[in-house]
Amino acid sequence: MALSDSVTTCLSPPVHYVICKLGFEKKDTCDISNILSENGEVCWQAVTEHVCYLESDQSVDYIKSIRSLGPVCESIRLYFKSLTKEQFVIQYALWYRWTNYTELFLEVFDVLQYTQTTEVALGLMKLTSCLERALGDVYLLIGKDCPFLLRDLLASEQLAIVFGQAVMNVLRVFIGSPYGLNLRNVLWHGFASPQEIPAKYCAMLLFLTAGLGQLLQTYLLQIKCVLVHRPYVIFVSLEELDVFPGKYLTINKVLLHYLNDETLSIAEELVKLSSFVLKTMLPFWMAALTAFKQSRYADCVILLLPQLEAGLRLLFTTTNKCPNRLLTAEVTFLSEMLAKHLDNEEVNQLPAVLEEPAMASEFLWDFLNHQEGPRIRDRLSHGEIDLKAFPREVANQIVAFAITLLCRFLDEDTFAFKEHVVIKPLMNCASCYRSRFHPISRLKKQVLECMKSIQLWPELPTVPEEHIQTIKGLEGNAEASTLILMISEIISQLQQYTPHKCFSSDDPVSSGLTERLLTELCDMRICTLYSPRPVLEILVLLRKISTQCHQVSEQVIASVELRYQQWMDKTLRSRQRHNYLRMLNSIKFLSPVLRLILVLITLEVVNVHLVCKKPPFDYQQYLKFLKSVLQYTENLVTYTSPEKNKWDETMELTNKALIKIRKISGGKLMLMQLAT
């Protein structure tokens, strides 16, 4: 029997007791009229009096509070169940407007009428994320920089001012504290199965949210202010998230979406067979696939992400022989599961279990963790995304990735699933995955974008040659030949580190050859997993250099186009005309310099992981070198700006920089020199 079959709960015994039993111990009944006025307003004093406090320090006694609030929650559940949808809307819809998502709370009310455990859990996950976002908006009425963690938000002085400390303590019993029910975390991190979440707690949070709306209205009237909602995060550049094979597959000469009904039917079979799935969690998986079929893409991803974490946690705890970590609801450790070493410095065995460790880890880091990635779980769980407009493109990737993980943990007698005509393309695509949001990947993208910008220079309009000849006093740049010679010399020295035939001995600074070299270098696969801190610090500097180069290019393009138009309109004064011609003269040599810097950056990236592991590596000397290059590019940005337009100074600065680069490199990449 697979371990996934034998696991009956992922809640540790103390947490299981708190969530599943504690709130049911007190058999008292609670009269709903004591906590609701005739017009439907929450009688907060009757609720807050159930919160108990420790005698020692007057902090919340969560155990006693949960036990005392249990009957209140049940009364609320039964009360909501007695209402028709129309009655609920008339009495409560107004009080959910402050959340900016009234429809969600009406949807949760519908779910409570049927007590479907999976739907209740889903409703609770969506409710808590929406509530957190709305509370953050309230926080910003008074404070700045809303806390990222829910527990810090609920413990803030700002919310206590608006709602009262006693009210906030009630909320903390249900969400935000690891010592309370902690409903948000146990669901969002895949610890609780559907049957382990009592519906009455969902009903209670629905009730409390309406009560908060009533308190907020009073506060806003007092301060004569309106609540402003922060805009939702919008996924941009969705094409960057398109990992799996386009949108369509050709099967038997028929064009089909790669997540068609046949694929999803196979996925349902995989869920039942794969040892990656905890059997207690199977309803979540099935509900996720159903949601996808029904075009409820946010629901699908909300259901799937905790299950991916739960499955990985099962593998992590099994392979690293720490089964106790499977039954932990107080902490989460997705980042730890993807790390190279455990807390005790032993090697993490999880990557070895995954057939394509780089693929799985890089995908998860890209979609969940990297700061420049979509960070889907963070943004969903903290209410930063408009659930009504969640893009199918994102759901496609999560579902397809989940299918590949299911396939990797099948018994030998079900191996045929991997070779199925609709599954195999997904497996092939997954095995070739490269990180897109690691700093190395972002730097590669920056370099290529900068190169494209520089490639536009030759196409810029310039004044006719006969016009230039009419300007007296324009002297040739005496340093021009020296600059080109130095660039050629440095590039020639770098050829031993580049792919063959990317440089020509006749014209080593050729724009076309440089572009081809950068494309080839950026296409090289570089391991982005387990980047040590020195590598990340180096990448920060390299990215800053690339950004400055791109800004210089954009400034040159804007200045050339503007000055050309002014020249043709004859609106330039004599000094401006001379400066314009100096600019045209300077950029002939500035272009190969910028291309040289891009080549240096890219070569350093290709070698940085290897060299940082080789002693002796003079890290501080290397940082000093990079900072000097960064200083040069920052000065270039200043000198080439429309406000400065200092082209003679630009050439002088460039000459000094090239001399330094040539002197330091001495025929080797800076990294290679420092490591040998």
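All residue numbers here refer to positions counted from 1 along the written sequence of the relevant chain. Confidence filtering applies because this is a predicted model: local features only for residues at pLDDT of at least 70, side-chain atom pairs given and counted only at 80 or more, and all residues used for totals across whole chains, interfaces and linings. The side-chain figures draw on all heavy atoms in the structure; neither hydrogens nor water molecules are used.

## Regarding the overall build of the protein chain
In plain terms, the rule: For helices the rule is a DSSP run of H or I covering at least 4 residues; for strands it is a run of E covering at least 2, with both sets numbered from the N terminus onward. Throughout, exposure labels follow a simple rule: accessible area from a 1.4 Å probe, protein chains only, divided by the maximum for the residue type, with under 20% read as buried, over 50% as exposed, and the rest as partly exposed. Residues count as neighbours in contact if any of their non-hydrogen atoms are within 4.5 Å of one another. To measure how exposed things are, a 1.4 Å probe is used in the Shrake-Rupley method; for residues, cover is taken only from the protein chains shown.
Along the backbone of the protein chain there are 31 helices and two strands. When each of the 676 residues of the protein chain is scored for burial, the buried share is 57%. A sequence separation of at least 24 residues applies to 75% of the contacts in the protein chain between residues at least 6 apart. With an accessible surface of roughly 29900 Å², the protein chain has 53% of that area assigned to carbon and sulfur atoms.

## Examining the nonpolar core
For clarity, the threshold we go by: The set of buried Ala, Val, Leu, Ile, Met, Phe, Trp, Tyr and Cys residues whose side-chain atoms join them within 4.5 Å is what this entry labels a nonpolar core. Domain borders in the structure are assigned automatically or taken from a domain database.
With 162 residues, the main nonpolar core has Phe80, Phe174 and Phe390 as its most contacted residues. Residues lining this core come from more than one domain, with at least three contributed by each of domain 1 (13–223) and domain 2 (240–432). Discounting chain neighbours no more than four positions away, the residues touching Phe174 are Leu69, Cys73, Leu181, Asn182, Leu183, Tyr201, Met204, Leu205 and Leu208. With 67 residues, the next largest nonpolar core counts Leu483, Ile601, Phe625 and Val637 among its residues.

## Regarding the packing of aromatic side chains
Selection rule: Paired rings are identified among Phe, Tyr and Trp, the last through its six-membered ring, by centres lying within 6.5 Å, and are further divided according to the angle between planes into stacked (under 30 degrees), edge-to-face (over 60) and tilted (the rest). We call a charge positioned above a ring when the Lys NZ or Arg CZ atom is no farther than 6 Å from the ring centre and deviates by at most 35 degrees from the ring normal.
Within the structure shown, the criterion is met by 20 aromatic pairs. Judged by centre distance (5.7 Å) and plane angle (40°), the rings of Tyr79 and Phe80 are tilted. Take Phe80: its relative accessible area is 1%, and that puts it in the buried class. Measuring from centroid to centroid gives 6.3 Å for Phe276 and Trp285, while their planes differ by 80°, and the two rings are edge-to-face. In this structure, Phe276 and Trp285 share a single accessibility class: buried. One aromatic cluster in this structure is built from Tyr79, Phe80, Phe88, Tyr92, Tyr96, Phe105 and Phe109. The ring of Phe191 has Arg313 lying over it, and the distance from NZ or CZ to the ring centre is 3.8 Å.

## Quick word on the packing of helix 11 (residues 165–174) against helix 13 (residues 199–223)
When two helices pack together, you describe them by how their axes are tilted relative to each other and by the distance separating the axes. To be explicit about the condition: Axis definition: a line fitted to C-alpha atoms, limited for helices to the stretch in contact. Angles are taken between N-to-C directions and run from 0 to 180 degrees. Each angle receives one of four descriptions, namely roughly parallel if under 35 degrees, roughly antiparallel if over 145, roughly perpendicular if within 65 to 115, and oblique otherwise. In this scheme, a crossing is called left-handed if the near helix is turned counterclockwise away from the far one by less than a right angle; it is called right-handed if the turn is clockwise.
One can describe the packing of helix 11 onto helix 13 by two numbers: an axis separation of 11 Å at closest approach and a directional angle of 155°. With respect to helix 13, the axis of helix 11 lies roughly antiparallel. In terms of crossing hand, the pair formed by helix 11 and helix 13 is left-handed. Touching Val167, Val170, Leu171 and Phe174 of helix 11 are Tyr201, Met204, Leu205, Leu208, Leu212 and Leu215, all from helix 13.

## A closer look at the packing of helix 8 (residues 117–139) against helix 13
Interhelical geometry of helix 8 versus helix 13 gives an angle of 20° and a closest axis separation of 10 Å. One finds that helix 8 runs roughly parallel with respect to helix 13. For the pair helix 8 and helix 13, the crossing hand works out as left-handed. Taken together, the residues of helix 13 that come into contact with helix 8 (itself represented by Val120, Leu124, Leu127, Thr128, Leu131, Leu135 and Val138) are Ala199, Cys202, Leu205, Leu206, Thr209, Leu212 and Leu216.

## Brief notes about the environment of Leu658
Among the structural elements, Leu658 can be located in helix 30 (residues 647–665). In this structure, the C-alpha to C-alpha distance between Leu658 and Leu483, residues 175 residues apart in sequence, is 7.7 Å. Filtering out sequence-adjacent residues up to four positions away, Leu658 remains in contact with Leu483, Met486, Ile487, Ile490, Val593 and Leu596.

## Re the side chain of Thr654
Counting through the fold element by element, Thr654 comes out in helix 30. Setting aside chain neighbours within four positions, we find Thr654 in contact with Leu483, Leu590, Val593, Tyr632 and Leu636.

## Description of helix 16 (residues 297–319)
We count it as follows: In this scheme, a helix's expected span is set at 1.5 Å multiplied by one less than its residue total.
Compared with an ideal rise of 1.5 Å per residue, which puts 23 residues at 33 Å, helix 16 spans 33 Å between its outermost C-alpha atoms and is within 8% of the ideal. Where helix 16 terminates, the next one or two residues include Lys321, which has phi positive at roughly 55°.

## Let's talk about the confidence of the model for the protein chain
Our working rule: Scored from 0 to 100, pLDDT records how confident the predictor is in each individual residue.
When pLDDT is averaged along the protein chain, the result is 86, and 88% of the positions lie at 70 or above. Considering only residues more than four positions removed or in separate chains, one finds that residues 250–256, a stretch of pLDDT under 50, has 10 contacts. Contacts for the low-pLDDT stretch residues 671–676, under 50 throughout, to residues beyond four places or in other chains number 22 contacts.

## Some thoughts on the environment of Gln631
With respect to the secondary-structure elements, Gln631 resides in helix 29 (residues 619–639). Residue class for Gln631 comes out partly exposed when judged on its relative accessible area of 41%. Put simply, Gln631 and Ile545 are 86 residues apart on the chain and 8.5 Å apart in space, counted from C-alpha to C-alpha.

## A short note on unusual backbone geometry
A positive phi angle, near 70°, is found at Asn100, a position not held by glycine. Tracing the backbone shows Asn100 in the loop between helix 6 (85–92) and helix 7 (102–112). Accessibility expressed as a relative area gives 37% for Asn100, which makes it partly exposed. In this structure, Lys224 is a non-glycine residue whose phi angle is positive, near 55°. Within the secondary structure, Lys224 is located in the loop between helix 13 and strand 1 (248–251).

## A look at the pattern of salt bridges
Selection criterion: Counted as salt bridges are all cases of a side-chain nitrogen of Lys or Arg within 4 Å of a carboxyl oxygen of Asp or Glu.
Tallying each qualifying case throughout the model produces 26 salt bridges. For the salt bridge of Glu74 with Arg77, the shortest nitrogen-to-oxygen distance reads 2.7 Å. One end of the pair is Glu74 and the other is Arg77, both in helix 5 (residues 62–82) and three residues apart, which spans about a single turn. With a relative accessible area of 24%, Glu74 lands in the partly exposed category. Judged by its relative accessible area of 17%, Arg77 is buried. Across the pair Arg543 and Glu372 runs a salt bridge whose closest N-O atoms are separated by 2.5 Å. Pair noted here: Arg543 is in helix 27 (residues 533–568) and Glu372 is in the loop between helix 19 (357–369) and helix 20 (376–381), with a separation of 171 residues, a long-range link. Beyond isolated ion pairs, a larger network of salt bridges with shared partners links Glu240, Glu372, Arg442, Lys445 and Arg543.

## Section: the side chain of Ser177
Counted only if it meets this: The term polar contact refers here to a pair of N or O atoms within 3.5 Å; inside protein, the definition further demands a hydrogen-donor-capable atom paired with an acceptor-capable atom, and it admits residues adjacent in sequence only when both atoms are side-chain atoms.
Among the structural elements, Ser177 can be located in the loop between helix 11 and helix 12 (183–188). The buried category is assigned to Ser177, whose relative accessible area is 5%. Here the side chain of Ser177 touches Tyr62 through a polar contact of 3.4 Å, side chain to side chain. Leaving out residues up to four positions away in the same chain, Ser177 has contacts with Tyr62, Arg172 and Asn182.

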